[in-house]
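What follows is the residue order along each chain.
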Amino acid sequence: QVQLVESGGGLVQAGDSLRLSCVASGRTFSSYITGWFRQAPGKEREFVATIRRGGITYYADSVKGRFTISRDNAKNAVYLQMARLKPEDTAVYYCAAKGSDSGSYDYWGQGTQVTVSS
């Protein structure tokens, strides 16, 4: 089992930056594929970014060039650095992890709220 706990959300203004953190416990984190997802009010949860083994990263087009995902295996942590935030980035952000390249994510955090005011 892997437990994920996000932190770092908050209320910011458009154009500001914010860094989300996700700390894992329960098992060695380094072999897992980790990702960030978000869900805005009234919308479905959507993919934001993922970091795979070897540090390969993928981003949603809507955040590419503004968000950066990274991980620190020694700290069992994954981060999402968000820059040039827009009101449409407002959502609950979730950290997720899975043990294989294929399939769905097995583990999810409780989410952290990010609100961007215009």
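Residues numbered from 1 in each chain as written. Predicted model: local features only at pLDDT ≥ 70, side-chain atom pairs only at ≥ 80, totals over all residues. Heavy atoms only, no water.

Asker: Help me understand the environment of S118, please; the structure alone is not making it clear to me.
Answerer: With respect to the secondary-structure elements, S118 resides in the segment after β11 (112-117). Remark: the alpha-carbon pair of S118 and L85, spanning 33 residues in sequence, is separated by 9.7 Å. Contacts of S118, omitting those with residues within four sequence positions, involve A14 and P87. (Helix = DSSP H or I, 4+ residues; strand = E, 2+ residues; numbered from the N terminus. Contact = heavy atoms within 4.5 Å.)

Asker: What is the right way to read the pairing of β11 from this model?
Answerer: Note on strand geometry: in a regular strand, side chains alternate between the two faces of the sheet. Going residue by residue along β11, you find T112, V114 and V116 tucked away on one face and Q113, T115 and S117 left uncovered on the opposite face. Two strands pair when backbone bridges link them, and strand β2 (residues 10-13) and β11 are joined in this way by four bridges, in the parallel orientation. Directly across from L11, in β11, lies its bridge partner T115. Looking at chain direction, strand β9 (residues 91-98) and β11 are connected through three bridges and run antiparallel. From the neighbouring strand, V92 faces β11, where its bridge partner is Q113. (Buried < 20%, exposed > 50% of the residue type's maximum accessible area, 1.4 Å probe, protein only. Pairing = 2+ DSSP bridges.)

Asker: Would you explain the pattern of salt bridges in this entry?
Answerer: In the structure shown here, the tally under the stated rule is four salt bridges. The salt bridge involving R38 is made with D89; its shortest N-O contact spans 2.9 Å. Separated by 51 residues along the polypeptide, R38 in strand β4 (residues 33-39) and D89 in the loop between β8 (77-82) and β9 bring together distant segments of the chain. D89 is the salt-bridge partner of R66, the closest N and O atoms lying 2.8 Å from each other. Remark: D89 occurs in the loop between β8 and β9 and R66 occurs in the loop between β6 (57-59) and β7 (67-72); sequence separation between them is 23 residues. Each of the two residues, R66 as well as D89, counts as buried. A cluster of three or more residues bridged by salt bridges with shared partners is formed by R38, E46, R66 and D89. (Salt bridge = Lys/Arg side-chain N within 4 Å of Asp/Glu carboxyl O.)

Asker: Which parts of the structure should I look at to understand the sheet that holds strand β1 (residues 3-7)?
Answerer: In a beta sheet, neighbouring strands are held together by backbone hydrogen bonds and run either parallel or antiparallel to one another. Read from one edge of the open sheet, four strands run β1-β3-β8-β7, paired in antiparallel fashion. Both outer strands of the open sheet, β1 and β7, are each paired with one neighbouring strand and no more. When strand polarity is set aside, the average angle formed by the axes of neighbouring strands in this sheet is 15 degrees. Pairing analysis gives six bridges linking strand β3 (residues 18-25) to β8, with the strands arranged antiparallel. Directly across from R19, in β8, lies its bridge partner Q81. (Axes fitted to C-alpha atoms, helices over the stretch in contact; angles between N-to-C directions.)

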